[in-house]
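Commentary on secondary and tertiary structure
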Amino acid sequence: MRNPQSRCEGWTAQVPATLKDVAERAGVSIKTVSNVVNGYAFVAASTRERVEQAIAETGYRPNLGARNLRKGRTGFIVLAVPELDNPYFAELTGLVIGAAHQHQWTVLVEQTQGSREREQAVITSMGPQRIDAAILSPLAMEPADLLASDPATPLVLLGERDIPGPADHVAIDNVSAARTVVEHLIGIGRRRIAVIGDQPAKNSGTASLRIAGYRQALAAAALPGDPALVVPVENYQRADGAAAMDHLLGLPEPPDAVFCCNDLLAVGAMRAALVRGIAIPDRIAVAGFDDIAEGAYGFPSLTTIAPDKAAIAEAAVNLADRRVDPIRGGRGARNPEPQDVRAPFTLKVRESTTGTGMHVVPRIHNAAAAP
């Protein structure tokens, strides 16, 4: 085997190891090394172990660019989310990157700020010469925008916005999840339950579905739906939650529980109540949605709906891979009926509604494994 180092006038250059170097060290053919590197299953376990040891010893690194070129891939996918400073999207981004790594993809991350123009740019300006697929969590996109997307670039939509068209979709059942957490509030004896997070001006799919679940739970328990207890917000941020809670606590008849449409709203709402000296959950119970770490480690810890973010990320990447893989349809293949995957969720009951620490109530609806 050749010397992996070359010397020239006092400095040493590391010569990259090749398939041939690995094959010589392992005592196998170059084709066998290639099969191991590419993950083919028919290589004997003992041979695979020998090749993997030789790869480690030589420091061989596959040429991903050449491999992707042979497979008709760029090696890149784009993930577009509204806000990277939102802990939910930050965690989801990390999980997508991890799932994409298993498919040897590099993830290009775009922040749209919920702008329709920026969401449009993701699906129209990044053609198959630049990326293999796009994963988008839309807030402002309209059905007409989806029809304008590049048909050669597979698209997977995340979240609650129901946009018909030639794209796969991954989400949890938001109506059922919201109904579950409000049923919990009813179950601990709360009868005047408010909700923070309505966004009628934005036509938000997230808000409308979670508000629908809230109303379903009240109706099933024969509780009146007081319009004064449905508080709209401009954004799903802590300050919006605090302002909304201040409004609710100023009502002639304040609520005894509040469901917030995400955890950031709930964190702000709890802060506003505690500043007023109002005990949580004794005088008012608070629940959120998303299960961000801030809610779990605050005091009191926050009862919340926990979407299975790992399942969402894995399903989205698997759907993208299925569209790109030439064996399963080829780049840009569009099935007559795009896949609609429902990921599981869990209700995590913590101190903000019980005051007794945390226990977990699993609730899984329409769970489906990605192809």
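Residues numbered from 1 in each chain as written. Predicted model: local features only at pLDDT ≥ 70, side-chain atom pairs only at ≥ 80, totals over all residues. Heavy atoms only, no water.

1. Points about the packing of helix 5 (residues 87-102) against helix 13 (residues 309-324)
Where helix 5 meets helix 13, the axes come as close as 8 Å, and the angle between the chain directions of the two elements is 45 degrees. Classified by the interaxial angle, the pair formed by helix 5 and helix 13 is oblique. The way helix 5 lies across helix 13 gives a crossing that is right-handed. Residues Tyr88, Glu91, Leu92, Leu95, Val96, Ala99 and Ala100 of helix 5 touch helix 13, and the partners they reach there are Lys309, Ala310, Ile312, Ala313, Glu314 and Val317. When the residues that make up the contact of helix 5 with helix 13 are grouped by side-chain class, the tally is ten nonpolar, no polar and three charged. (Axes fitted to C-alpha atoms, helices over the stretch in contact; angles between N-to-C directions. Helix = DSSP H or I, 4+ residues; strand = E, 2+ residues; numbered from the N terminus. Parallel < 35°, antiparallel > 145°, perpendicular 65-115°, else oblique. Left-handed = near helix turned anticlockwise from the far one by under 90°. Contact = heavy atoms within 4.5 Å. Nonpolar A, V, L, I, M, F, W, Y, C, P; charged D, E, K, R; others polar.)

2. Examining the pairing of strand 3 (residues 76-81)
Counted residue by residue, strand 3 has five buried out of six residues, so it is predominantly covered. In the sheet, strand 3 pairs with strand 4 (residues 106-111) via six bridges, with the strands oriented parallel. Across the sheet, residue Ala80 finds its bridge partner in strand 4, namely Glu110. The pairing of strand 3 with strand 5 (residues 133-136) spans four bridges and is classified as parallel. Residue pairing in the sheet places Leu79 in a bridge with Ile135 of strand 5. (Buried < 20%, exposed > 50% of the residue type's maximum accessible area, 1.4 Å probe, protein only. Pairing = 2+ DSSP bridges.)

3. Focus on helix 6 (residues 116-124)
Residues Glu119, Val122 and Ile123 constitute the buried set of helix 6. Taken end-on, helix 6 shows its buried residues confined to a sector of 85 degrees, consistent with a single buried face. Check the buried side of helix 6 and you find it contacts strand 3, strand 4, strand 5, helix 7 (143-147) and strand 6 (155-158). (Arc of directions from axis to C-beta.)

4. Focus: the packing of aromatic side chains
As enumerated under the stated definition, the model contains one aromatic pair in all. Judged by centre distance (5.3 Å) and plane angle (80 degrees), the ring pair of Tyr88 and Phe89 falls under edge-to-face. Using a relative accessible area of 13% as the deciding quantity, one classes Tyr88 as buried. Assessed through its relative accessible area of 12%, Phe89 is described here as buried. A cation sits over an aromatic face here: Arg210 above Phe289, 3.5 Å from the ring centre. (Phe/Tyr/Trp six-rings, centres within 6.5 Å; stacked < 30°, edge-to-face > 60°. Lys NZ or Arg CZ within 6 Å of the ring centre and 35° of its normal.)

5. Digging into the packing of helix 8 (residues 174-187) against helix 9 (residues 205-220)
Running from N to C, helix 8 and helix 9 point in directions that differ by 40 degrees, and their axes come no closer than 7 Å. Here helix 9 runs oblique to helix 8, going by the angle between their axes. The interaxial crossing formed by helix 8 with helix 9 has right-handed handedness. Here helix 8 contributes Asn174, Val175, Ala178, Arg179, Val182, Glu183 and Ile186 to the contact with helix 9, which in turn contributes Leu209, Arg210, Ala212, Gly213, Tyr214, Gln216, Ala217 and Leu218. Of the residues assigned to the contact of helix 8 with helix 9, the class counts are nine nonpolar, three polar and three charged.

6. Some words on unusual backbone geometry
Of the consecutive residues Ile280 and Pro281, the connecting peptide bond is found in the cis state with omega at 10 degrees. When you line up the elements, Pro281 lands in the loop between helix 11 (263-275) and strand 11 (285-289). A cis amide bond links Phe299 to the next residue, Pro300, at an omega of 0 degrees. Its place among the elements puts Pro300 in the loop between helix 12 (293-297) and strand 12 (303-307). Phi angles above zero are rare outside glycine, and Asp290 is one such case at about 130 degrees. Among the secondary structure elements, Asp290 is positioned in the loop between strand 11 and helix 12.

7. Remarks on helix 3 (residues 45-58)
Its 14 residues place the ends of helix 3 20 Å apart at the C-alpha level, agreeing with the 20 Å of an ideal helix rising 1.5 Å per residue. Gly59, located one to two residues past helix 3, shows a positive phi value of around 75 degrees. (Expected span 1.5 Å × (residues − 1).)

8. A look at the pattern of salt bridges
By the definition in use, this model includes 13 salt bridges. Between Arg25 and Glu57 there is a salt bridge, with its nearest N and O atoms 3.2 Å apart. Placement of Arg25 in helix 1 (residues 19-26) and of Glu57 in helix 3 is noted, with a sequence separation of 32 residues between them. The partner of Arg118 in a salt bridge is Glu110, and the shortest N-O contact between them spans 3.6 Å. (Salt bridge = Lys/Arg side-chain N within 4 Å of Asp/Glu carboxyl O.)

9. Details of the environment of Gln199
When you line up the elements, Gln199 lands in the loop between strand 8 (193-198) and helix 9. Remark: the alpha-carbon pair of Gln199 and Glu234, spanning 35 residues in sequence, is separated by 6.8 Å. Of the polar contacts made by the side chain of Gln199, one reaches the backbone oxygen of Glu234; its length is 2.9 Å. (Polar contact = N/O pair within 3.5 Å; in protein donor to acceptor, adjacent residues only side chain to side chain.)

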